[in-house]
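Here is how the chains run, residue by residue.
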Amino acid sequence: MKQTVQMQKAQGQMTPGVITRDGFLGDDRRLLGDILLADDAAVKALDLDHETVAARLIELRDAGMAGLGEFIDVAPHFEVRVDSVRGRLPCPFGDPGIFPKTNVTVRNRKTGREATYTDLHIHLILAHGFYEGRGCPFRLEPKDLAEVLEIA
Ligand SMILES: [Zn+2]
């Protein structure tokens, strides 16, 4: 994917200390356009698309809301906790609107693995196909997401 002027600007917003302390890219030195292209290919290789991934993140978040900050069981074998943290974050791509700092933790009891994501992650995946950079503590690896959340 060609690195557009908009992507260049977004990449600047993703550096540490601009929107978040750690930024969105970790130690990933690739251009944003290349990161998006690689993750798009990774998601397609799983026979998924970004909409399907985001829909699953939303589904589990919404199911977990009933736990009011504690883990609750979600069929068939998940535990989900939704924590609301004070504060809101803007999208680094410059979209209007700000996103609540909601942390969603999903444990897969069958495999013992878990994944954590936020409302901003959901937006970034749905609107931009962006999973954050390699080495970023908040990166969501598409393959891991698909396995832990059993997205099909
Ligand atoms: Zn956005």
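A quick note: this is a predicted structure, and the numbers were derived from the prediction, not measured.

1. Concerning the packing of helix α3 (residues 50–64) against helix α4 (residues 119–128)
Piece 1. Contact geometry for α3 and α4: axes closest at 8 Å, N-to-C directions at 160°. On the basis of the axis angle, α3 is roughly antiparallel to α4. In terms of crossing hand, the pair formed by α3 and α4 is left-handed. Here α3 contributes H50, E51, V53, A54, L57 and I58 to the contact with α4, which in turn contributes H121, I122, I125 and L126.

2. Here's the deal with unusual backbone geometry
Piece 1. For the peptide bond that leads from A75 to P76, omega is 0°, which places it in the cis range.
Piece 2. Within the secondary structure, P76 is located in the loop between β1 (72–74) and β2 (78–90).
Piece 3. Positive phi values are uncommon outside glycine, yet D47 reaches one of about 65°.
Piece 4. With respect to the helices and strands, D47 occurs in the loop between α2 (32–45) and α3.
Piece 5. Note on D47: 10 C-beta atoms within 10 Å, which makes it exposed.
Piece 6. Although it is not a glycine, E132 adopts a positive phi angle of roughly 80°.
Piece 7. With 25 C-beta atoms packed within 10 Å, E132 lands in the buried category.

Scoring rules and cut-offs
- Residues numbered from 1 in each chain as written.
- Predicted model: local features only at pLDDT ≥ 70, side-chain atom pairs only at ≥ 80, totals over all residues.
- Axes fitted to C-alpha atoms, helices over the stretch in contact; angles between N-to-C directions.
- Helix = DSSP H or I, 4+ residues; strand = E, 2+ residues; numbered from the N terminus.
- Parallel < 35°, antiparallel > 145°, perpendicular 65-115°, else oblique.
- Left-handed = near helix turned anticlockwise from the far one by under 90°.
- Contact = placed C-beta atoms within 7 Å.
- Buried ≥ 20, exposed ≤ 12 C-beta atoms within 10 Å, placed from the backbone.

Honestly, that's just the spatial picture; any functional story needs more than this.
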